[in-house]
Amino acid sequence: MNAINDSILTLILLAPLGGAVLVALAPERGKLSNWIALLTTLATFGLTLQMALQFFSVHPGFERPGSFQLEINRPWIESPAIFYHVGIDGLSLWLVVLAGLLAPIGVLASWNAIKERRKVFFVLFLVQQTAMFGVFISLDLMLYYGFWELSLVPMAILIAMYGRKDGPKAALKFFLFTFIPSAPLLVAILWLYAKTGSFNVIELPALIAGGHFPAAALCWVAFAFLFAFAVKVPIFPLHGWLSDAFSEAPVALSMIVAGKLGLYSMLRFHIGLFPVQAQAAAPYLIALAVIGLLYGACLALVQRDFWKLMAFAALSHLSLIVLGVYGFTFIGSSGAVFQILSHEVVDAALFVLLGALYDRYATSQINTYGGLAAKLPSTATLFVVITLAMIGLPILSGFVGEFLILSSTFSGVSRGWAVAASLGVILGATYMLTLVQKIFYGPQSELIASRPGNDLHFRELVVLWPVAVLTLVMGVAPSIWLSAIQTYIHPPQPSMAGHIMRVTITSSPMPPSSRGEGPQ
């Protein structure tokens, strides 16, 4: 067991890759590929839970927070000095578990939806899982960059191959939007190595801070990091790929195409490596976040297609998280990381539900639905529960992150921005409740009346009810997640300028008595 614990991050990386090899070698027989993918993802999810138990056993009371756990650091390439360096901390812990949870959900959501070339689909899907895990646990910049690039390729291929109407066009737009910013990111990484001689994420903050680099050059390097991550989130106005990707991507891909990879990278690499430059950019990013929140919510209100509605809703919700990240308050940063988890869980459930409707009625046009609750009561019940979690009903997961972000923005950043962001949250409740009303209530539409009722299958219920319960647990016991998250984030301190709040993100210990909101 000790050997497994010592190598568990490597096992988490290799398990989906091994599953992809098995799927590729297996004969094309029935749903054998589905079963191999499902067993692989369940085993990987089990490994992520064991990883979490191991993390908590190291710091059961979080008395010595901040350091990386389960760390492996071995030479890989001599010149340049690239290491196989992986580890987890309070930021990456729950994101790794989240990726492990979403994988079997994605497989089950694709069980009947993917009817052709199943082997290709599940091979690429499992390779994508390896890439995501690699992004979250890499502590060497070149290793991270390799996984970052690897995460883009399977996604683009899957969108092109399995798009609903115009997959190749959406895939090309997604690939160009996300791949082109990766070129300056690579240049920036190589510049840092040339100046510091290290790709080590743990060492680089001190080397950058004490390196006396030209301010203008360092600003451009920080911008290259930020630009690549902002496109991937995406942040307004870099969201041009989002609605097409959501409209065309299979349900399993829609769960992971936006959000967590870019937001994690902002926290780990933009803020973690370049805190001074991140503080300088914060006022502009806060403004763009609030604009994106309102812009996404307003466009979601007028959408007639539920995939496009989900795309603009995602832009709005992700913009709220960016507001929490760049507000540079302890509570806001904690709420932002928690909201990443809540957003991904809730969105996954909504995509499964909308995918079920699309499979049954072959349309995503909202106005063609109506009165569906009478025929599909289980679908309606779960859709309402998940919607309430998404719009931030107290005791459900969405409320915690929204409250922490908005309250910290009001008290520690700007009351005006907080009020504007609150308006965006209200608009979010409006478009989601309107969606529920149009699809499930009112008189039955011609489409619904002409089709037999075919409620959720057991396979879909097995996925959705545990997720619904999870949103409740996250809402009533958020400390389970926040206790680990807050080991990563230090209380804010006044900056040298005296008017910007700063969240220090390092691996040094933080006494538990200091965990609170800094001086305003």
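Structure's up top.
The text that follows walks through the structure, step by step, so that each part is easy to find. Keep in mind that what you see is a predicted model, and the values were worked out from it rather than measured.

So, about the side chain of Ser 364. Mapping Ser 364 onto the fold places it in the loop between helix H16 (330-361) and helix H17 (377-390). Engagement of the side chain of Ser 364 in a polar contact is seen with the side chain of Asp 305, the distance being 2.5 Å. Each residue touching Ser 364, except ones within four places of it in the same chain, is listed here: Arg 304, Asp 305, Phe 306, Trp 307 and Tyr 358.

Here we come to a nonpolar patch on the surface. On the surface, Leu 172, Leu 176 and Ile 180 cluster together into a nonpolar patch covering about 290 Å² of accessible area. For Ile 180, the position within the fold is in the loop between helix H7 (167-179) and helix H8 (182-196).

Let's shift gears to the pairing of strand E2 (residues 82-88). The buried fraction of E2 is high, at six of seven residues. Here strand E1 (residues 69-77) runs beside E2; their pairing, made up of six bridges, is antiparallel. Each bridged residue has a counterpart across the sheet, and for Ile 77 the counterpart in E2 is Ile 82. The turn joining E1 and E2, which pair antiparallel and follow one another in sequence, is formed by four residues.

With that settled, consider the environment of Ser 316. Here Ser 316 lies in helix H15 (residues 306-326). Assessed through its relative accessible area of 4%, Ser 316 is described here as buried. Placed 27 residues apart in sequence, Ser 316 and Ala 289 show a C-alpha to C-alpha distance of 8.4 Å.

The omega torsion of the bond from Ser 79 to Pro 80 falls at -5 degrees, within 30 degrees of zero and hence cis. One can find Pro 80 in the loop between E1 and E2. Note that the residue after Phe 236, namely Pro 237, is joined by a cis bond; omega there is 5 degrees. With a phi close to 55 degrees, Leu 70 is a non-glycine residue in the positive phi region. Residue class for Leu 70 comes out buried when judged on its relative accessible area of 14%. Notably, Arg 117 is not glycine yet its phi reads approximately 50 degrees, a positive angle.

So, about the packing of aromatic side chains. The full count for this structure, using the stated rule, is 32 aromatic pairs. Seen in terms of ring centroids, Phe 175 and Phe 179 are 4.9 Å apart; in terms of plane orientation they differ by 10 degrees. Their pairing is stacked. Of this pair, Phe 175 and Phe 179 are both found in helix H7, four residues apart, which corresponds to roughly one turn of the helix. Note on Phe 179: relative accessible area 38%, which makes it partly exposed.

So, about the environment of Met 51. As for its position among the elements, Met 51 is in helix H3 (residues 32-58). In this structure Met 51 comes out as buried when scored by relative accessible area, which is 0%. Sequence spacing of Met 51 and Ala 188 is 137 residues, and the spatial spacing of their C-alpha atoms is 32 Å. Those residues within four positions of Met 51 in sequence are excluded, and the remaining contacts are Ile 8, Leu 9, Ile 12, Leu 70, Ile 88, Leu 93, Val 96 and Val 97.

Running from N to C, helix H13 (residues 260-273) and H15 cross one another at 20 degrees; their axes reach a closest spacing of 11 Å. Classified by the angle their axes make, H13 and H15 are roughly parallel. Seen from above, H13 lies across H15 with right-handed handedness. Residues Leu 263, Met 266, Leu 267, His 270 and Ile 271 of H13 touch H15, and the partners they reach there are Leu 318, Ile 321, Val 322, Val 325 and Tyr 326. Looking at the contact of H13 with H15 residue by residue, the class counts come to nine nonpolar, one polar and no charged.

This brings us to the environment of Arg 360. Position of Arg 360 relative to the elements: it lies in helix H16. Using a relative accessible area of 15% as the deciding quantity, one classes Arg 360 as buried. Along the sequence, Arg 360 and Ser 397 sit 37 residues apart, while their C-alpha atoms lie 29 Å from each other. Not counting residues within four places of it along the chain, the set of residues in contact with Arg 360 comprises Leu 376, Arg 451, Asn 454, Asp 455, Leu 456, His 457 and Glu 460. Among the polar contacts listed, one links the side chain of Arg 360 to the backbone oxygen of Ala 356, at a separation of 3.1 Å. One polar contact links the side chain of Arg 360 to the main-chain carbonyl oxygen of Asn 454, over a distance of 2.5 Å.

Rules used in this analysis
Residues numbered from 1 in each chain as written. Predicted model: local features only at pLDDT ≥ 70, side-chain atom pairs only at ≥ 80, totals over all residues. Heavy atoms only, no water. Helix = DSSP H or I, 4+ residues; strand = E, 2+ residues; numbered from the N terminus. Polar contact = N/O pair within 3.5 Å; in protein donor to acceptor, adjacent residues only side chain to side chain. Contact = heavy atoms within 4.5 Å. Patch = residues over 30% accessible without salt bridge, like charges linked within 9 Å, V, L, I, M, F, W, Y side chains within 5 Å. Areas by Shrake-Rupley, 256 points an atom, 1.4 Å probe, with all protein chains shown as cover. Salt bridge = Lys/Arg side-chain N within 4 Å of Asp/Glu carboxyl O. Buried < 20%, exposed > 50% of the residue type's maximum accessible area, 1.4 Å probe, protein only. Pairing = 2+ DSSP bridges. Phe/Tyr/Trp six-rings, centres within 6.5 Å; stacked < 30°, edge-to-face > 60°. Axes fitted to C-alpha atoms, helices over the stretch in contact; angles between N-to-C directions. Parallel < 35°, antiparallel > 145°, perpendicular 65-115°, else oblique. Left-handed = near helix turned anticlockwise from the far one by under 90°. Nonpolar A, V, L, I, M, F, W, Y, C, P; charged D, E, K, R; others polar.

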